[in-house]
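# Fold and geometry: a report
Chain by chain, the residues:
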Amino acid sequence: MFTDAAETLPKEPMSVPKSVYHERQQRFLSQLTHSDLVIITTPAEAVRSNDVTYPYRSSSDMLYLVGWADPEAALVFHHDGSRWISHLFVQPKDTLKEIWEGRREGTEGAKLGWSVDEATSIHELEEFLDSFLTKSSTVHVRTGISSDVDAIVISAIERRDRKRQHFGSGPVSLEDPSRRIAEMRLRKSPEEIDMMRFAAEVSSVAHELAMKASKDGISEYQLQAIIEGFFVYGGTSGWAYPSIVGCGENATILHYTVNESKCKGNEIILIDAGAEYKGYAADITRSWPINGKFSDAQKEIYEIVLDAQQQAIAACRVGNAYNKPHEVARTVLAEGLIRLGIINQTLEEALDLETGQLKHWYMHNTGHWLGLDVHDVGVYKPDGTPRLLEAGMVLTVEPGLYFGAWRPDVDCPERYANIGIRIEDDVLVTDGEPDVLTIRCPKTIADIEGIVGTL
Ligand code: GLY
Ligand code: MN
Ligand code: MN
């Protein structure tokens, strides 16, 4: 089942050249003053149970600036008077640990293969920071990621605070570097787009396989297994966020992740699942009847959501406000529900955020930035006004309608009971037409009816 599908995938992208990381580092550092010190931290490994840890995922800023993905690392930048020095602290070589846990690059490997000037054992980080913290005025560190680094910085600042009275030196302020890095991460480079496109392709094919395998009686977890199995088979590291696989009324629960029920009859199955490739997320949702034949009621809702999504994608253009797709989708959804008699308000009334009926059936945003984080970084409203879209930005477009008959807060129209439809694609803003990275994933009624159950 996987082999034929995998053959249709594009080739894996080339790894990102060191020069690209170097350019990113320089662009970030050019915003700082020479007396600053930057520490990019990574989270500690987290215990899952007893001596088993969760699969490790480094911090996205570390991946963005240098591409180092292993645990127990820190990236430090300091200025030596003539230039910025990048210094990566990593796990040192340790044969016994490597026999048990896997090979390590060590300091030599890090220096050779990564875009850094120096590489040193992580065990020397504290001493190193201690001496540099005394010379720095502003320390750029995101607290809350590494408690070890936080403790070192705080204790150095406390000691400096006491000595500053005598010597007049030492850090006087802390700044979060992720604010500046987020601004850079918001606009994707060609190398990043290649990786996102690959994650999107693998994810699209995974959804296609789940459609093919769908049939009365299949379980949510079996569809999850196909999707996530193909994420790995296709060459990604697995899911970018826990897969949402909900049939029947579970399709009306936005972030349902129990994935335990059996799918019956012509219930809608809603799958929101995306793979992660070299840290980059895809984020796709498709919804279809498990037996491959849309009922009239399902069709009515699906067509409204699809129309909303297509019009919202068309609004992903340079110069439009980031929330224009949301406004477009809301309008199309509200018009559709008024047409079906589900909303008995005027369009203007239906769209009112306080009293409009649209929010009973559509209660989330139409999208978010996508990148190294599935809900990627980047301020939506710098200075309080919506950011305008630029070429290179990637966002999701994911309108939906959810008629949970189980909900006590609304009277669900019986004809549409437990229909939950969300359609989500990943869109790259370009100087021309929006580029749908997930274009390969079937989504018209005809395409879906033609593919479901064909395995
Ligand atoms: N998968 C989470 C989301 O669509 O935002
Ligand atoms: Mn999603
Ligand atoms: Mn999403």
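You'll find the structure just up there.
Counting restarts for each chain: residues are numbered from 1 in the order of the written sequence. Chains carry letters from A onward and ligands carry numbers from 1 onward, assigned in written order. Totals for whole chains, interfaces and linings use every residue, but because this is a predicted model, local features are given only for residues with pLDDT of at least 70 and side-chain atom pairs only at 80 or more, for both listing and counting. As a rule here, side-chain values cover all heavy atoms of the structure and leave hydrogens and water aside.

### A closer look at the overall build of the protein
- The helix count covers DSSP runs of H or I at least four residues long, the strand count covers runs of E at least two residues long, and both are numbered beginning at the N terminus. Within the protein, the secondary structure is distributed over 15 helices and 18 strands.
- Here the globule rule reads 2.2 Å times residues to the power 0.38, and the radius of gyration is calculated from C-alpha atoms. Against the compact-globule benchmark of 23 Å for 455 residues, the protein has a radius of gyration of 25 Å, which places it among compact chains.
- Over its C-alpha atoms, taken along the principal directions, the protein stretches across nearly 75 × 50 × 45 Å.
- Counting all 455 residues of the protein, 53% fall into the buried class.
- In what follows, residue pairs with any heavy atoms lying within 4.5 Å of each other are defined as contacts. The long-range share in the protein, meaning contacts at least 24 apart out of those at least 6 apart in sequence, stands at 70%.
- The protein chains shown are the only cover counted for residues, whose accessible areas, like all others here, come from Shrake-Rupley with a 1.4 Å probe. Of the roughly 20600 Å² that the protein leaves accessible, carbon and sulfur atoms contribute 51%.
- In this tally, Asp and Glu contribute negative charge and Lys and Arg positive charge; neither His nor the terminal groups of the chain are included. A charged residue contributes its charge at one atom only: NZ of Lys, CZ of Arg, CG of Asp or CD of Glu. Each charge class in the protein can be summarised by its mean position, and for the 45 positive and 69 negative side chains these summaries are 3 Å apart. Buried, partly exposed and exposed residues are distinguished by accessible area as a fraction of the type maximum, computed with a 1.4 Å probe on protein chains only: under 20%, between the cut-offs, and over 50%, respectively.

### Quick word on the coordination of the manganese ion (ligand 2)
- For Na, K and Ca the donor cutoff is 3.2 Å, while for all other metals N, O and S atoms count as donors only within 2.8 Å; water does not appear among the atoms, so some sites may look incomplete. Taken together, the protein donors to the manganese ion (ligand 2) comprise Asp 272 (OD), Asp 272 (OD), Asp 283 (OD) and Glu 424 (OE), at separations of 2.0 to 2.4 Å.
- Donor angles set the geometry label: tetrahedral for four donors if every angle is between 85 and 135 degrees, square planar for four and octahedral for six if opposite donors exceed 155 degrees and the others are between 65 and 115, irregular for anything else. Every donor counted, the 6 donor atoms about the manganese ion (ligand 2) form angles of 56 to 169° at the centre, which fits irregular coordination.
- Linear spacing of the donor residues for the manganese ion (ligand 2) on their chain is D-x10-D-x140-E.
- Taking relative accessible area as the criterion, Asp 272 reaches 5% and is therefore assigned buried.
- You can call Asp 283 buried: its relative accessible area is 3%.

### Some words on the site of ligand 1
- Note on terminology: near, applied to a residue and a molecule or strand, indicates that one of the residue's heavy atoms is within 4 Å of it. In the vicinity of ligand 1, the contacting residues are Tyr 241, Asp 272, Asp 283, His 368, His 375, Glu 398 and Glu 424.
- N or O atoms within 3.5 Å of each other form a polar contact, as long as, within protein, one can give a hydrogen and the other can take it, and as long as residues adjacent in sequence are counted only when both atoms are side-chain atoms. For ligand 1, a nitrogen atom lies 3.2 Å from a polar atom in the side chain of Asp 272.
- If ligand 1 stood free it would expose 190 Å²; the protein chains cover 92% of that surface.
- Ten residue types, Ala, Val, Leu, Ile, Met, Phe, Trp, Tyr, Cys and Pro, are classed as nonpolar, four, Asp, Glu, Lys and Arg, as charged, and the remainder, Gly among them, as polar. In terms of residue class, the shell around ligand 1 is made up of 1 nonpolar, 2 polar and 4 charged.

### Topic: the coordination of the manganese ion (ligand 3)
- Taken together, Asp 283 (OD), His 368 (NE2), Glu 398 (OE) and Glu 424 (OE) make up the full set of protein donors to the manganese ion (ligand 3), lying 2.0 to 2.2 Å away.
- Its 6 donor atoms give the manganese ion (ligand 3) angles of 50 to 156° at the centre, a pattern that matches the irregular case.
- For the manganese ion (ligand 3), the donor residues sit on a single chain with the sequence spacing D-x84-H-x29-E-x25-E.
- Taken as a pair, the manganese ion (ligand 3) and the manganese ion (ligand 2) show a spacing of 3.3 Å, with Asp 283 coordinating each metal. Linking His 368 in the loop between α14 (358–361) and β14 (394–397) with Glu 398 in the loop between β14 and β15 (400–403), this pair joins segments that are 30 residues apart in sequence.
- What makes His 368 buried here is its relative accessible area of 10%.

### Some points on the sheet that holds strand β6 (residues 118–121)
- The 6 strands lie next to each other as β6-β5-β4-β1-β7-β8, forming an open sheet whose pairing is mixed. Looking at the sheet topology across the chains shown, the edges are occupied by β6 and β8 (173–175). Neighbouring strand axes in the sheet, compared pairwise and without regard to direction, differ in orientation by 20° on average.
- Across 4 bridges, strand β1 (residues 37–41) lies against strand β4 (residues 74–79) in antiparallel orientation. Note on β4: the bridge partner recorded for Thr 41 is Ala 74.
- Every axis in this analysis is a line fitted to C-alpha atoms, fitted for helices over the stretch in contact. Angles between the N-to-C directions lie between 0 and 180 degrees. Helix-sheet contacts for helix α5 (residues 106–113) involve β5 (84–90) and β6, and the interaxial angle to β6 is about 160°. Strand pairing requires that DSSP identify at least two bridges connecting the strands.

Shape descriptors only; they carry no functional weight alone.
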